[in-house]
Amino acid sequence: MTAPVVVPVADHGVLVVFDDQISDETHARIRALDAALALTPPPGLTEIVPAMTTLLVVFDPLVTDHNAISTAVRANLAAPNTSSSGALHVIDVCYDGLHAPDLGALAERAGLDPEAAIAAHLAGKYTVGMYGFAPGYAYMYGTPESIQQPRNPTPGPLVPAGSVIIAGQQCLIIPIAMSTGWFAIGRSAASMYTADHDKPFLFDVGDTVTFRRVGADELDSRLAEQQPAEQQLTKR
């Protein structure tokens, strides 16, 4: 187990680099440091941003500096692990027809038939590793090796919110419609946003996600039920 490298970032942060490979061990170490710094924050600390293999520690340069924050980081690396186990979420997903526009292409690249690719995805256990790109984009790792494929070099057609997309080790449920180079292999009716001001997103970093298959009729029914509520919010 290598020691993390602490790198200055601009005039207001340090980046703690744990590894260059995503793994449960690496992410557990990141979450442990995150929890330790949150429990006993050094003066001037303003934000802690965990990612897949790094942790960004942001500070107020009018209060403290790189050396002080780096010292606090190194001291907390040796602190007992106070991070708690994340919640388990079971997310329903439909892999049928238009809800899975890239399933066939992914399966072909992986040398599998579509049902085998679906079975592999359902067998995965996914860890929420970080948020990025835009609000609600919870990047997960844990995609089974048998269906890991690099993202396409250019984005494809627009795919709707709730689409389940994968590329490499990672999996994501997109919260808004978007064009992406990832493979859209299914769709869920789950919303990545909540009505809770203190917890605006469905997942927390460190949570575990598994998927459960549903048919197109069930998904379409759930999506239809959501439309009146969305229209009411729009009117307000």
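Please read all numbers here as calculations on a predicted model, not as lab measurements.

Criteria and thresholds
Residues numbered from 1 in each chain as written. Predicted model: local features only at pLDDT ≥ 70, side-chain atom pairs only at ≥ 80, totals over all residues. Heavy atoms only, no water. Core = buried A, V, L, I, M, F, W, Y, C linked by side-chain atoms within 4.5 Å. Buried < 20%, exposed > 50% of the residue type's maximum accessible area, 1.4 Å probe, protein only. Pairing = 2+ DSSP bridges. Helix = DSSP H or I, 4+ residues; strand = E, 2+ residues; numbered from the N terminus. Axes fitted to C-alpha atoms, helices over the stretch in contact; angles between N-to-C directions. Contact = heavy atoms within 4.5 Å. Phe/Tyr/Trp six-rings, centres within 6.5 Å; stacked < 30°, edge-to-face > 60°. Left-handed = near helix turned anticlockwise from the far one by under 90°. Nonpolar A, V, L, I, M, F, W, Y, C, P; charged D, E, K, R; others polar.

## Structural notes on the nonpolar core
Core analysis: the biggest nonpolar cluster contains 25 residues, and M140, I173, F203, V209 and F211 have the highest contact counts within it. Ranked by size, the runner-up nonpolar core spans 13 residues in total, among them L33, V57, F59 and V73.

## Some points on the sheet that holds strand 10 (residues 170–173)
Judged by pairing direction, the sheet is mixed, and its seven strands sit side by side in the order 5-13-6-7-10-9-12 without closing on themselves. Of all the strands in the sheet, the pair left with one neighbour each is strand 5 (88–93) and strand 12 (183–187). Across the sheet, the mean angle from the axis of one strand to that of its neighbour is 35°, orientation sign disregarded. Pairing between strand 6 (residues 126–131) and strand 13 (residues 208–213): two bridges, direction antiparallel. Along strand 13, the bridge assignment pairs T127 with T208. Contacts from helix 1 (residues 24–39) reach strand 6 and strand 7 (138–141) within the one sheet, and its direction differs from that of strand 6 by about 50°. Sheet contacts for helix 4 (residues 114–123): strand 6, strand 9 (163–167), strand 10, strand 12 and strand 13; angle to strand 13, the most-contacted strand, approximately 145°.

## Structural notes on the pairing of strand 9
Counting buried positions along strand 9 gives five out of five residues, so the element sits mostly inside the fold. Here strand 9 shows no split at all, with S163, I165 and A167 on one side and V164 and I166 on the other all buried. Here strand 9 runs beside strand 12; their pairing, made up of four bridges, is antiparallel. The residue bridging S163 from the neighbouring strand is R187, located in strand 12. Of the pairings in the sheet, the one linking strand 9 to strand 10 comprises four bridges and is antiparallel in character. When the bridges of strand 10 are listed, I165 appears paired with L172.

## Considering the environment of S179
Within the fold, S179 resides in strand 11 (residues 178–179). By relative accessible area, which is 34% here, S179 ends up partly exposed. Sequence separation of S179 and Y126 is 53 residues, and the distance between their C-alpha atoms is 23 Å. Residues contacting S179, with those up to four places away along its chain left out, are P155, G156, P157 and L158.

## Comments concerning the packing of aromatic side chains
For the structure on display, the rule yields five aromatic pairs. Aromatic side chains Y193 and F201 sit 6.1 Å apart centroid to centroid with 50° between the ring planes, which places their arrangement in the tilted category. Judged by relative accessible area, which is 34%, Y193 ranks as partly exposed. Here a set of aromatic residues connected by ring pairs shows up, and it is made of Y131, Y193 and F201.

## So, the packing of helix 1 against helix 2 (residues 66–77)
Relative to each other, helix 1 and helix 2 sit at 115°, their axes nearing to 9 Å. Taken as a pair, helix 1 and helix 2 cross one another with a handedness that is right-handed. Contacts between helix 1 and helix 2 involve L33, A36 and L37 from the first element and A72, V73, N76 and L77 from the second. Considered class by class, the residues forming the contact of helix 1 with helix 2 number six nonpolar, one polar and no charged.

## Re the sheet that holds strand 3 (residues 45–50)
Read across the sheet, four strands follow the order 1-2-4-3 without closing on themselves; strand pairing throughout is antiparallel. Either end of the sheet is taken by a strand with one partner, and the two such strands are strand 1 (5–9) and strand 3. Ignoring which end each strand starts from, the neighbouring axes of this sheet average 20° apart. Direction of pairing for strand 2 (residues 13–17) relative to strand 4 (residues 54–59): antiparallel, over a ladder of five bridges. Across the sheet, V16 pairs through a bridge with L55, a residue of strand 4. Of the strands in this sheet, strand 1, strand 2 and strand 4 are in contact with helix 2, which crosses strand 2 at around 35°.

## Some remarks on unusual backbone geometry
Non-glycine residue A10 carries a positive phi angle of around 50°. When you line up the elements, A10 lands in the loop between strand 1 and strand 2. For F133, which is not a glycine, the phi torsion comes out positive at approximately 70°. Assignment of secondary structure puts F133 in the loop between strand 6 and strand 7. We classify F133 as exposed; its relative accessible area is 67%.

Coordinates in, geometry out; function isn't part of it.
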